[in-house]
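# Chains, contacts and geometry: an overview
Okay, here's what each chain looks like letter by letter:
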Protein chains: 2
Amino acid sequence: MAEGGRGGNKLSRLDGKAPEGSDFANYFCTYAYLYHQKDMLEDHKRTGAYYNAVMQNRRQFKDKVVLDVGTGSGILAIFSAMAGAKKVYAVEATDMAKHARTLVAHNKFEGVIEVVQGTIETIELPEKVDIIISEWMGYFLLRESMLDSVLLARDKFLKPGGALYPSHARMFMAPMRTNASAGRINDFQNAMYGWSEFLKEMKGFYQVDLDCLSESYRKEQKDYYMSTSAWGNVHPSQLMGPGTCFKKYDLHTITIEELKAELDADISMPIVDACGPVDAFCGWFDVEFKGSEENPADDPVKLPTAPDATGPTHWGQQVFMLHPSIDVAAGDSLATKVKVARQKVNHRLLELDLEVKVTGNSIHATSEPRQFNWHID
Amino acid sequence: MAEGGRGGNKLSRLDGKAPEGSDFANYFCTYAYLYHQKDMLEDHKRTGAYYNAVMQNRRQFKDKVVLDVGTGSGILAIFSAMAGAKKVYAVEATDMAKHARTLVAHNKFEGVIEVVQGTIETIELPEKVDIIISEWMGYFLLRESMLDSVLLARDKFLKPGGALYPSHARMFMAPMRTNASAGRINDFQNAMYGWSEFLKEMKGFYQVDLDCLSESYRKEQKDYYMSTSAWGNVHPSQLMGPGTCFKKYDLHTITIEELKAELDADISMPIVDACGPVDAFCGWFDVEFKGSEENPADDPVKLPTAPDATGPTHWGQQVFMLHPSIDVAAGDSLATKVKVARQKVNHRLLELDLEVKVTGNSIHATSEPRQFNWHID
């Protein structure tokens, strides 16, 4: 590492600031718990994919300088060191960084791995890096908006031609049926019956009429029960057609502005299996480790999160329930305008809008599209 | 209301700022939901006590100026107006204030009640008030630290001799037995078995040894399972002795500094019913509406939250589980040093420390005290 420069000890020169209070309360706080790290580590479809991506491509890691963005427990930094990296900077915003240092030392990698505590936005590094590795994906890929920080790290620290692991990401959607929709509608109706009883009590006991709030309450409850997406472990048999890709990312080239802009896509989702109506949409993602154009991976690896009979990753899939359901027949398609945007109140959360028309030769083809909106909290 | 002064419309002169981002994320955000307001309103032991406190003492409210701190839906302001108040300022920090305005108008009190949106700390009022009414109590009385704001309102806005509704508060503790302690210990042990299996997987699949984090994981899990208090609906039959009061507040005289300081108390909790060991402590509070010395309430009202066979208020009681249990016999007492303090990370959350000795003539009397610590999150 280069000496001199700003002076001060190595640690203080690199360490950055803690996350801002509100962002810590909303987002970062859970990552400081070992329990949460364990949950992610023991998702072996996830951790194993990263292990394979590094170990199968150890030629790309040997004698290189690596940056691990959001190192958590330090595991990806350790994989990189095991693959022969010359130096690894492992950056972590929360106090989990202290546990990462312990793990690195205990596994005898302190000569290679330097844990830096702070946000990527505020830390400094004494050199540019050859590889950036990061596990940044949230539910529905983009929830948590951690990719912003990875791209910032790329723009700040990655040498020209350097590689991002993973290198690519794709988002998919498919029509599905779920028995959860009926449950949600039932819960919503019960909430409204409960409100009706409550109104009578308030009028009877206290002579206060809360009926003027009924419409607001209805909106609040409908939004909660019907317009909030859910984590699901979706079985492939619930899908009524194949997943249709509605977005692709090349992480080497996309800009932060492009990422932050609203995502718009026009897709057509085929209906293959229609023993019932469509009562939800299923969303998921995959990422690939292909290296960069200048430094391609010897042996690309894919980490999928599609519905899988052998079980889900910890990401599951996102289930977007709708009511009333959409009648379709096999051979129809759903012509869909997709819009994904960040929530105004919290940029780490998302909103999904779909405008859906049934197209095809069956009696279910619609001329007027239906609008749907969900928030992904 | 006095005209002139700073000018601008009435609303902009009074309205204050929204809560700071981190405090909003940690505390205020749930109060913006009608669902949460409904939960509190339909706790009729709570809402009815306030109704009685106002209506039974309408002579104290007639033609007076009232301030409702944290009005939420506006209900206490409406009770005050129904009792004949001349003017009510209903202050609410969140967007629930908009619903409060709707409710006030719909119930035809807009001539009396003015809803002001902002924190008590930042709003201004054009006059001092005769009465401050507020429902500020959190779990274990002090959780949420809303009393700070009520005392600030008192110091800022209450006329000399003015009354606070409620006027007094007390905190109680009793030894109890609960079947939940064994469940918690079981959950903790399962978490440690799970960690042990996880270590083997990580070593086997990835050749990474996480045993250096075992002690930290153990501390984290023990803290979570064994040192976090729980909301409980405690049946009186679970108490092993009467509640002992360990703190009294006269809200007219206590200063904010006194409130923020650590609470220390020395108590002796008698054991009356000892068909088993003590495996938890039960904490609760009550408040009273007695008016001020200069303006006493005609008909004082008490709002208790002690274990009650007819059911709990929404506050329930706080249950502090301990392990191993404390052996006692009927006739013994628990000589206890009580300490309640605010958590450093979030001043709206609490910590409880107890130092307990068994005193009495039975074989269980101890010479060395045992230390316990819980956080109330």
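Cut-offs used in this document
Residues numbered from 1 in each chain as written. Chains lettered and ligands numbered in written order. Predicted model: local features only at pLDDT ≥ 70, side-chain atom pairs only at ≥ 80, totals over all residues. Heavy atoms only, no water. UniProt positions renumbered as here; feature names shortened; annotations may be inferred. Helix = DSSP H or I, 4+ residues; strand = E, 2+ residues; numbered from the N terminus. Buried < 20%, exposed > 50% of the residue type's maximum accessible area, 1.4 Å probe, protein only. Least-squares fit on C-alpha atoms with pLDDT ≥ 70 in both. Contact = heavy atoms within 4.5 Å. Pairing = 2+ DSSP bridges. Axes fitted to C-alpha atoms, helices over the stretch in contact; angles between N-to-C directions. Buried area = accessible area lost by both parts, 1.4 Å probe. Salt bridge = Lys/Arg side-chain N within 4 Å of Asp/Glu carboxyl O. Polar contact = N/O pair within 3.5 Å; in protein donor to acceptor, adjacent residues only side chain to side chain. Nonpolar A, V, L, I, M, F, W, Y, C, P; charged D, E, K, R; others polar.

Identification of chain A as Protein arginine N-methyltransferase domain-containing protein from Tetradesmus obliquus is taken from an unreviewed UniProt entry.

### Remarks on the UniProt feature "domain: Protein arginine N-methyltransferase" (unreviewed entry) in chain A
Following the UniProt record, the feature "domain: Protein arginine N-methyltransferase" (unreviewed entry) maps to residues 187–359 of chain A here. In this annotation, residues 187–359 of chain A is assigned 22% helix and 41% strand; the end-to-end C-alpha distance for the span is 32 Å.

### Regarding unusual backbone geometry
Following A:Tyr165, the chain continues into A:Pro166 via a peptide bond in cis, with omega recorded as 0 degrees. Examined against the element boundaries, A:Pro166 turns out to sit in the loop between strand 5 (158–165) and strand 6 (168–176). In this structure, B:Pro324 follows B:His323 across a cis peptide bond, with omega equal to -5 degrees. Considering the arrangement of structural elements, one finds B:Pro324 in strand 12 (residues 317–326). Here A:Lys108, not a glycine, exhibits a phi torsion of approximately 65 degrees, which is positive. A:Lys108 gets classed as exposed once you look at its relative accessible area, which sits at 69%. Here the phi dihedral of A:Leu141 falls at roughly 65 degrees; this positive angle occurs in a residue that is not glycine. Looking at where A:Leu141 falls in the secondary structure, it is placed in the loop between strand 4 (129–133) and helix 8 (147–157).

### Concerning the relation of the copies chain B and chain A
Between chain B and chain A, the superposition needs a rotation of 180 degrees and an axial shift of 0.1 Å, giving an RMSD of 0.0 Å. In the structure described here, the two chain copies are related by an operation that fits a two-fold rotation axis. Distance from the rotation axis, computed per C-alpha, reaches its smallest value in chain B at B:Ser22: 1.9 Å. Here 100% of the interface residues in chain B have copies in chain A that are interface residues too; the copies meet face to matching face.

### A word on the pairing of strand 6 of chain A
Residue and element names in this part refer to chain A. Taken across its 9 residues, strand 6 has 8 buried, putting it largely inside the fold. Where strand 6 lies against strand 8 (residues 244–250), 6 bridges are found, and the strand directions are antiparallel. Residue pairing in the sheet places Phe172 in a bridge with Cys245 of strand 8. Across 9 bridges, strand 6 lies against strand 10 (residues 278–291) in antiparallel orientation. In the strand pairing of strand 10, Met171 is matched with Phe285.

### As for the sheet that holds strand 13 (residues 333–342) of chain B
Sheets are built from strands that pair by backbone hydrogen bonding, the pairs being arranged parallel or antiparallel. Residues and elements named next belong to chain B. Spatially, 4 strands are ordered 9-13-14-15 in an open sheet, and the strand pairing comes out antiparallel. Two strands bound the open sheet, and with one partner strand each, they are strand 9 (263–270) and strand 15 (370–376). Within this sheet the neighbouring strands show an average axis-to-axis angle of 20 degrees, counted without direction. As paired strands, strand 13 and strand 14 (residues 350–359) are joined by 10 bridges and run antiparallel to one another. The residue of strand 14 that forms the bridge with Ala335 is Lys357.

### What to know about the sheet that holds strand 2 (residues 87–92) of chain A
Residue and element names in this part refer to chain A. The parallel open sheet is built from 5 strands, whose spatial order is 3-2-1-4-5. The open sheet has two edge strands with one neighbour each: strand 3 (113–117) and strand 5. In this sheet, neighbouring strand axes are inclined to one another by 20 degrees on average, regardless of whether the strands run parallel or antiparallel. Bridging between strand 1 (residues 65–69) and strand 4 involves 3 bridges; their strand directions are parallel. If you follow Asp68 over to strand 4, its bridge partner there is Ile133. Taken strand by strand, helix 6 (residues 75–82) contacts strand 1, strand 2, strand 3 and strand 4, and its axis lies near 175 degrees from that of strand 2. Across the sheet, helix 7 (residues 96–106) lies against strand 2 and strand 3, angled at about 170 degrees from strand 3, the strand it touches most.

### Points about the interface of chain B and chain A
Size of an interface: often given as the accessible area lost when the parts come together. Taken residue by residue, the interface counts 41 residues in chain B and 41 residues in chain A. Interface of chain B and chain A: buried area, both sides summed, is about 3,700 Å²; carbon and sulfur atoms make up 70% of it. Seen at the junction of chain B and chain A, the total is 0 salt bridges. Summed over the shared surface of chain B and chain A, the number is 16 residue pairs in polar contact (both at pLDDT 80 or more). Among the secondary structure elements, those contributing two or more residues to the side of chain B that touches chain A are helix 2 (21–26), helix 3 (34–41), helix 4 (44–55), helix 6 (75–82), helix 7 (96–106), helix 9 (180–206) and helix 10 (214–226) of chain B. The element contributing the most residues to the side of chain B that touches chain A is helix 9 of chain B, with 7 residues. Residue composition of the side of chain B that touches chain A, by class: 22 nonpolar, 14 polar and 5 charged.

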